[in-house]
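The chain contents come next:
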Amino acid sequence: MFRPRALSHSDESSARRLVYLRLVVSTLMVGAAIMVLQMEDRAVSVAVMYGLLGVIYLSAGAIYLTFRAGVELKMIVRVLLAVDITVLTVLAHFSGGSGSFFSILYILPIIVGGEYFKVSGGLVTALLATSAYITYILLELGGYVDPVGGGWVADVSSRGIARVILRGYLHMAVFIFTGLVSGYVSYRLQNKHEEIADKEKEIRQIRLDTDRILENMSSGLIVIDPSGCVLTVNPAAQTILGLDKRMKLAGLSVCEAFPHMSVFSEELSLALRSGRPRQRHEIDVVRTDGTRAQLGISISHLKDDQNVIKGVIAIFQDLSEVKEMRDRIRQADRMAAVGELSAAIAHEVRAPLASISGSIEMLKGETL
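Residues numbered from 1 in each chain as written. Predicted model: local features only at pLDDT ≥ 70, side-chain atom pairs only at ≥ 80, totals over all residues. Heavy atoms only, no water.

(A) Broad picture of helix α8 (residues 262-274). Counted at 1.5 Å a residue, the expected span for α8 with its 13 residues is 18 Å, and the 18 Å between its end C-alpha atoms agrees. As for α8, its buried residues are in contact with β1 (220-224), α6 (235-241), α7 (254-257), β3 (278-286), β4 (292-303) and β5 (309-318). (Helix = DSSP H or I, 4+ residues; strand = E, 2+ residues; numbered from the N terminus. Expected span 1.5 Å × (residues − 1). Contact = heavy atoms within 4.5 Å.)

Next comes the structure, spelled out in structure tokens:
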């Protein structure tokens, strides 16, 4: 018993695609044969074709059920390739034998083999199809099989052995070429898909790292594009500017994003219009709650490989606490200066008073 297994999205999609395409192609292929045989009034052959179509539909259902049961997809494809080559041989037998127009359809399982098993799979499937077709030709030439619907083409014996060999050779060349091409194309596509997947993984990792850096920065960061619209605002910038973190600023112009901060908006717009960066300087802004904040801001340009300006980057910090500390230091310095002045004045006053006090004491002693 097969145990059900967790199915990957890619394998399940591949299985679904294989089932649907196989049903569509088989229906069109066998349906065309049925139409032609009905025109030839070959009731037996038509009945066989309906039976063949039923087998194809049953096998399509079995594919998906077997895959869901836990069988490896590539193992199922191997069995299907053998079944499809057999079905095509039977279809050719009932539609003209080796001269059937449907013999060219052997390339379909060859393409599938190349897709799933690359060049080696395409070649092996091509050899299997070639073996089936040549074997049928030999059986037909030997009189072991009598193809149905021979009225479509001239009888094999009337064309001569040379033409039969040429037909077999051309089919073999087409089959092998199809196997090589389909396998190589599948191999190249797989490599491209793997390269794309690796690049997407790198991009996701870079984006994740960048997002983490922006989220954990203590400084505010805002990026605007050449048209003056906001591209990026990190959480620290929203906190410093007192913005609602639920508000989506990306895509808004700087005037729309910061309508209450005209000085801040003008700083960004000026750097974008002038094409000159702004060195570190301080500005005062009014937050949405009405409080004032002093920002230390630096504005630089975002450039591409050709040194073309693609936007503006503003990095800023809230200097409110620094300003308060500066004020405290200044106050402390003033108080220290006052203390020093008071001490100097007290010293200057104390010295004369000491002399006067001594003189008074001496005069007081003499009067006694």
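(B) Broad picture of the packing of aromatic side chains. Inspection of every chain in the model, using the stated rule, returns four aromatic pairs. Arranged with centres 6.1 Å apart and planes meeting at 70°, the rings of Tyr106 and Tyr133 form a pair that is edge-to-face. One end of the pair, Tyr106, is in the loop between α3 (73-93) and α4 (107-141); the other, Tyr133, is in helix α4, and 27 residues separate them in sequence. When the centroid spacing of 5.3 Å and the interplanar angle of 90° are considered together, the rings of Phe258 and Phe264 count as edge-to-face. Neither Phe258 nor Phe264 differs from the other in exposure class; each is buried. Three or more aromatic residues link up through ring pairs in this structure, and these residues are Tyr106, Tyr133 and Phe175. (Phe/Tyr/Trp six-rings, centres within 6.5 Å; stacked < 30°, edge-to-face > 60°. Buried < 20%, exposed > 50% of the residue type's maximum accessible area, 1.4 Å probe, protein only.)

(C) Representation of the pattern of salt bridges within the structure. All told, the structure shown has four salt bridges when counted by the stated rule. A salt bridge links Arg278 to Glu267, with the shortest nitrogen-to-oxygen separation between them at 3.0 Å. Pair noted here: Arg278 is in strand β3 and Glu267 is in helix α8, with a separation of eleven residues, a long-range link. By relative accessible area, which is 12% here, Glu267 ends up buried. Measuring nitrogen to oxygen at the nearest pair gives 2.9 Å for the salt bridge that ties Asp318 to Arg287. One end of the pair, Asp318, is in strand β5; the other, Arg287, is in the loop between β3 and β4, with 31 residues separating them in the sequence. (Salt bridge = Lys/Arg side-chain N within 4 Å of Asp/Glu carboxyl O.)

(D) Broad picture of the packing of α3 against α4. Between α3 and α4, whose axes approach to 10 Å, the crossing angle comes to 30°. Classed by the angle they form, the pair α3 and α4 counts as roughly parallel. Like other packed secondary-structure pairs, α3 and α4 cross with a definite hand, here right-handed. Contacts from Leu73, Lys74, Val77, Arg78, Leu81, Asp84, Ile85, Leu88, Thr89 and His93 of α3 reach α4 at Pro109, Val112, Gly113, Tyr116, Phe117, Thr125, Leu128, Ala129, Ala132 and Tyr136. (Axes fitted to C-alpha atoms, helices over the stretch in contact; angles between N-to-C directions. Parallel < 35°, antiparallel > 145°, perpendicular 65-115°, else oblique. Left-handed = near helix turned anticlockwise from the far one by under 90°.)

(E) Looking closely at the side chain of Thr130. Considering the arrangement of structural elements, one finds Thr130 in helix α4. Polar side-chain contacts of Thr130 include one of 2.7 Å to the backbone oxygen of Ala126. Discounting chain neighbours no more than four positions away, the residues touching Thr130 are Met172 and Phe175. (Polar contact = N/O pair within 3.5 Å; in protein donor to acceptor, adjacent residues only side chain to side chain.)

(F) Layout of the layout of surface pockets. Of the volumes computed, that of the second largest pocket is approximately 420 Å³. Of all the elements in the fold, those that place two or more residues in the lining of the second largest pocket are α1 (9-39), α3 and α4. It is α1 that contributes the most residues to the lining of the second largest pocket, seven residues altogether. For the lining of the second largest pocket, the per-class residue count stands at 16 nonpolar, one polar and four charged. (1 Å grid on protein atoms, 1.4 Å probe; cavity = no way out; pocket = protein on both sides within 12 Å on 5 of 7 lines; lining within 4 Å. Points joined across faces, edges and corners; volume = space filled by probe spheres on them. Nonpolar A, V, L, I, M, F, W, Y, C, P; charged D, E, K, R; others polar.)

(G) Examining the nonpolar core more closely. Of all hydrophobic cores here, the largest spans 26 residues; its most connected members are Ile222, Leu241, Phe258, Phe264, Leu268 and Phe316. Looking at this core, the elements that each hand over two or more residues are β1, β2 (230-233), α6, α7, α8, β3, β4 and β5. In terms of nonpolar packing, the next biggest core, distinct from the first, is built from 24 residues, Leu53, Phe94, Ile110 and Ile137 among them. (Core = buried A, V, L, I, M, F, W, Y, C linked by side-chain atoms within 4.5 Å.)

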